[in-house]
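Working through the structure, step by step
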Amino acid sequence: MNDMSSKGFTLIELVLVIVLLGVLAITAAPRFFSSGGYDQIAARDQLIQLLRQAQLQTMNSSSACQVVHFSQNQTNLPAVLNTDASCSVAATGEALGAFDRWGKPTQATTFTITGESTVKVCIETEGYIHAC
């Protein structure tokens, strides 16, 4: 009968557990401690909301246009503009989302939000705004 009643771990078992914990720390830990593109997703959702707001405001007021300015992952919805010329003026490096009174964009546009990940917002020619 084997009388050895050892109540512990062998050296091989301890080393194996330490190696496995090290591998997990290298591969899994960065995912838990970084934003992982959440900032870009939040910016995308804000851009979609502002574009839909501008689209609805333009549809509700046939004499005015509403434009969303987009530059360097930042969006801006200025006060209502009353001239067609001001609906198409963009600053350098800026993209516009402008709509006619039927809710259709003046041109089909894709906005790209960059960072840890890259996400896009598309405005289709019929006026559908979505993440693409």
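Everything below is about the structure printed above this text.
Residues numbered from 1 in each chain as written. Predicted model: local features only at pLDDT ≥ 70, side-chain atom pairs only at ≥ 80, totals over all residues. Heavy atoms only, no water.

Glancing now at the pairing of strand S4 (residues 109–113). Side-chain alternation along S4 places Thr109, Phe111 and Ile113 on a buried face and Thr110 and Thr112 on a face that remains uncovered. Between S4 and strand S5 (residues 119–123), which pair antiparallel and follow one another directly, the connecting turn spans 5 residues. (Buried < 20%, exposed > 50% of the residue type's maximum accessible area, 1.4 Å probe, protein only. Helix = DSSP H or I, 4+ residues; strand = E, 2+ residues; numbered from the N terminus. Pairing = 2+ DSSP bridges.)

Before going further, it helps to spend a moment on the sheet that holds strand S6 (residues 129–131). Spatial strand order, S4-S5-S6: 3 strands in an open sheet with antiparallel pairing. Of all strands in the sheet, those bounded by a partner on one side alone are S4 and S6. Averaged over neighbouring strand pairs, the angle between their axes works out to 20 degrees when direction is ignored. In the sheet, S5 pairs with S6 via 3 bridges, with the strands oriented antiparallel. Looking at S6, one finds that Ile123 is bridged to Ile129. Along the sheet face, helix H3 (residues 38–60) touches S4, S5 and S6 and points at about 15 degrees away from the line of S5. (Axes fitted to C-alpha atoms, helices over the stretch in contact; angles between N-to-C directions. Contact = heavy atoms within 4.5 Å.)

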